[in-house]
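Chains, contacts and geometry: an overview
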Amino acid sequence: MKKVFVLFAVAGLIMTTSCGKKEVEQTEESMETQIEESEQVIEESMDQLEESVEDTLDSVEETVEELTEEVNG
């Protein structure tokens, strides 16, 4: 009877271990997907930030030029 109990316990551990790997693999895949999505969002945000900075610089340059012309006028 003890041998049967040990056999069921070992079989249960094997089943738990084999099923556990699938969850880890799925978790790793979902983490990779989330990382890729995060990288895309970061890249898009950086592009928008660069455009905003360029627009601001252009605006500042125009303002400085206008003020310089008024002063030198």
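To start, this report covers the structure provided alongside it.

What counts as what
- Position numbers for residues count from 1 along each chain, tracking the sequence in the order it is written.
- Where local features are concerned, this predicted model is filtered to residues with pLDDT of at least 70; where side-chain atom pairs are given and counted, the filter is 80 or more; whole-chain, interface and lining totals use all residues.
- Side-chain calculation: all heavy atoms of the structure are included, whereas hydrogens and water are not.
- To qualify as a helix, a DSSP run of H or I must reach at least 4 residues; to qualify as a strand, a run of E must reach at least 2; elements of each kind are numbered from the N terminus.
- Classification of residues uses two cut-offs on accessible area relative to the type maximum, computed with a 1.4 Å probe and protein chains only: under 20% is buried, over 50% is exposed, and between them is partly exposed.
- Here the Shrake-Rupley method, with its probe set to 1.4 Å, supplies the accessible areas, and only the displayed protein chains count as covering residues.
- Without a salt bridge and with relative accessible area above 30%, a residue can belong to a patch; like charges are then joined within 9 Å and nonpolar side chains (Val, Leu, Ile, Met, Phe, Trp, Tyr) within 5 Å.
- We count a salt bridge whenever a side-chain nitrogen from Lys or Arg sits within 4 Å of a carboxyl oxygen from Asp or Glu.

Across its full length, the protein chain holds one helix and zero strands. Taken across its 73 residues, the protein chain has 0% of its residues classed as buried. Per element, the accessible surface of the protein chain, about 7,100 Å² overall, is 59% carbon and sulfur.

Taken together, the side chains of I42, M46, L49, V53 and L57 make up a nonpolar region of the molecular surface, amounting to roughly 460 Å² of accessible area. By secondary structure assignment, the location of M46 is in helix α1 (residues 2-72).

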